[in-house]
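Geometric and topological summary
Each chain, letter by letter, is given below.
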Amino acid sequence: GAVVVMDVHNGAILAAASAPGSDPNLFSGGSDEQIAALLSDSAHPLFDRTSQMAIPPGSVFKTVTAVALLQSQAVDPYEAFECRGYLNRPDSLRCQIFVREGRGHGDVTLLDALAQSCNVYFFHHAARMGPDPLVHWAGQLGFGRVTGVDLPGEAAGNLPSPRSMRQRQGRDWRTGDTQMLAIGQGKLEATPLQVARMIAAVANGGRLVTPHVAAGLGLPQLAGDQPVAALAEISEDPIRVPPPRPIPGLKPGTLEVIRQGLKRVVADHQGTAHGTVYLDAIEIAGKTGTAETGSGADHAWLAGYVPADRPRLAIVVALEHAGSGAEAAGPVVRRLVLKMAQLGYFGRR
């Protein structure tokens, strides 16, 4: 799995963890047998899952779908839609609550659908909206292309579209493809860094940042016979991070509605992350994701930001085949926020 903590305002990566990890000292002092074992390890400890693990993000992607629905005026965010647990038939296009308990969410607004992760709401409205706004806003929020992070081998993930479906699959796009994309499934693949970039844009008011682990090397040392005036000539900073880029056409009101929903994911007693993430002292906003894999346990995701009322840090946890996003990724986020609070990260800016 992977954990990313990133400044929502400038893209600075404060922490990036990939597990399982490895000891780099083995390459300078380890035996041939140790290095061979590392290279052949089926868990791939040399694979940086923060920037190279492209997997379906599941319901975390409903944040993007909500953007597309609001931007295209396909929904009134406060108008209720009845979720009976499935869209048309009880054996397909269902909510997890129907699978577990045989019931639906009842009347839900967009905010309710985000908080409770109602699949049926997004199935219904995405099908009415069509794929083009969804693909457009996913692209605007950074899916389907590299983030530009200063790490080698970054994966671009995959953002499916009607055009790519014809080119790669040899068939036309179907309504079911739109519905699967709307809940972060199907052919969609994203890295933890891409998801962190998306959630940071929601938190910071609609600016797409460039994630980076290095920025500025400091002033160089002058040789004893060099005048101070020479400093300006040799101190050109070779590391230049692009400034945050406003996302064209993204309305502030759209993000305000979505931020309300993401707060409720954690704060509301019916929110999917309330039981495992909520803290009295620190308000956390986010979205859980449980991505079906087709084989084995689901991938567990949680993407959010803290503090919810004055966002500073984006947090993404993605765990391969770990099960429920709320149950598996949620406690990791909670412990991480508690540790950051202990270290003073949420003091005055």
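Treat the numbers as computed from the prediction; the structure is a model and nothing was measured. (Residues numbered from 1 in each chain as written. Predicted model: local features only at pLDDT ≥ 70, side-chain atom pairs only at ≥ 80, totals over all residues. Heavy atoms only, no water.)

Right, let's get into the overall build of the chain. Broken down by element type, the chain carries 15 helices and nine strands. In summary, the chain has a C-alpha radius of gyration of 22 Å against a globular reference of 20 Å for 349 residues, a match within 12%. The C-alpha extent of the chain, read off along each of the three principal axes, is 80 × 50 × 45 Å. Buried positions account for 50% of the 349 residues belonging to the chain. Across the chain, 31 positive and 32 negative side-chain charges occur, with their mean positions spaced 6 Å apart. (Helix = DSSP H or I, 4+ residues; strand = E, 2+ residues; numbered from the N terminus. Rg over C-alpha atoms; globule rule 2.2 N^0.38 Å. Buried < 20%, exposed > 50% of the residue type's maximum accessible area, 1.4 Å probe, protein only. Lys, Arg positive; Asp, Glu negative; His and termini not counted. Charge placed at Lys NZ, Arg CZ, Asp CG, Glu CD.)

Counted residue by residue, helix H4 (residues 62-71) has 10 buried out of 10 residues, so it is predominantly covered. Buried within H4 are the following residues: Lys-62, Thr-63, Val-64, Thr-65, Ala-66, Val-67, Ala-68, Leu-69, Leu-70 and Gln-71. Downstream of H4 by one or two residues, Gln-73 has phi in the positive range, about 55°.

With that out of the way, let us pick up the nonpolar core. Among the nonpolar cores identified, the biggest contains 73 residues, and Tyr-121, Phe-122, Phe-143, Val-195 and Met-198 are the most heavily contacted of them. The biggest single contributor to this core is helix H11 (residues 192-204), with nine residues. Not counting the four nearest positions on each side in its chain, Tyr-121 is found in contact with Leu-69, Val-75, Asp-76, Phe-81, Val-108, Thr-109, Leu-110 and Ala-113. Val-5, Val-266, Ala-300 and Met-340 belong to the second-largest nonpolar core, a separate cluster that totals 21 residues. (Core = buried A, V, L, I, M, F, W, Y, C linked by side-chain atoms within 4.5 Å. Contact = heavy atoms within 4.5 Å.)

Here we take up the layout of surface pockets. In this model, the largest pocket occupies a volume close to 820 Å³. Taken together, 33 residues form the lining of the largest pocket, with Gln-96, Ile-97, Arg-100, Gln-116 and Ser-117 sitting closest to its centre. Among the secondary structure elements, those contributing two or more residues to the lining of the largest pocket are helix H5 (96-101), helix H7 (119-129), strand E7 (285-291) and helix H15 (325-342). Class assignment of the residues belonging to the lining of the largest pocket gives a composition of seven nonpolar, 17 polar and nine charged. (1 Å grid on protein atoms, 1.4 Å probe; cavity = no way out; pocket = protein on both sides within 12 Å on 5 of 7 lines; lining within 4 Å. Points joined across faces, edges and corners; volume = space filled by probe spheres on them. Nonpolar A, V, L, I, M, F, W, Y, C, P; charged D, E, K, R; others polar.)

Under the defined criterion, the tally for this structure stands at seven salt bridges. Residue Arg-264 pairs with Asp-112 through a salt bridge whose shortest N-O separation is 2.5 Å. Taken together, the residues span a long stretch of sequence, with Arg-264 in helix H13 (residues 252-267) and Asp-112 in helix H6 (residues 110-116) at a distance of 152 residues. For Arg-264, a relative accessible area of 24% puts it in the partly exposed group. One salt bridge connects Arg-171 with Asp-177, and the closest N-O pair in it is separated by 2.9 Å. Judged by its relative accessible area of 23%, Arg-171 is partly exposed. Assessed through its relative accessible area of 15%, Asp-177 is described here as buried. (Salt bridge = Lys/Arg side-chain N within 4 Å of Asp/Glu carboxyl O.)

Let us look at the packing of aromatic side chains. Using the criterion set out here, one finds four aromatic pairs in the structure. An angle of 85° between the planes, with centres 5.2 Å apart, marks the rings of Phe-61 and Phe-143 as edge-to-face. Linking Phe-61 in the loop between helix H3 (49-52) and H4 with Phe-143 in the loop between helix H8 (131-140) and helix H9 (162-169), this pair joins segments that are 82 residues apart in sequence. Summarising the burial analysis for this pair, Phe-61 and Phe-143 share the class buried. With a centroid separation of 5.3 Å and 65° between ring planes, the pair formed by Tyr-86 and Phe-98 is classed as edge-to-face. Placement of Tyr-86 in the loop between strand E3 (81-83) and H5 and of Phe-98 in helix H5 is noted, with a sequence separation of 12 residues between them. For the pair shown, Tyr-86 and Phe-98 are each scored as buried. Three or more aromatic residues joined by ring pairs make a cluster, and in this case those are Phe-81, Tyr-121 and Phe-122. (Phe/Tyr/Trp six-rings, centres within 6.5 Å; stacked < 30°, edge-to-face > 60°.)

Here we take up unusual backbone geometry. A negative phi holds for most residues other than glycine; trans holds for most peptide bonds. Backbone torsion omega between Ala-19 and Pro-20 reads 0°, so that peptide bond is classified as cis. The peptide bond linking Val-306 to Pro-307 adopts the cis configuration, its omega dihedral lying at -20°. Here Pro-307 lies in the loop between strand E8 (299-306) and strand E9 (313-319). The residue Leu-93 is not glycine, and still its phi comes out positive at about 50°. Following the sequence through the fold, Leu-93 ends up in the loop between E3 and H5. Residue His-321 is not a glycine yet carries a positive backbone phi of 50°. As for its position among the elements, His-321 is in the loop between E9 and H15. Judged by its relative accessible area of 40%, His-321 falls in the partly exposed class.

Another aspect to go through is the packing of H8 against helix H10 (residues 175-182). Remark: H8 packs on H10, axes separated minimally by 10 Å, with the N-to-C direction vectors making an angle of 35°. Pair H8 / H10 crosses with left-handed handedness. In contact with Pro-131, Leu-134 and Val-135 of H8, H10 contributes Thr-178, Leu-181 and Ala-182. Taken together, the residues of the contact of H8 with H10 sort by class into five nonpolar, one polar and no charged. (Axes fitted to C-alpha atoms, helices over the stretch in contact; angles between N-to-C directions. Left-handed = near helix turned anticlockwise from the far one by under 90°.)

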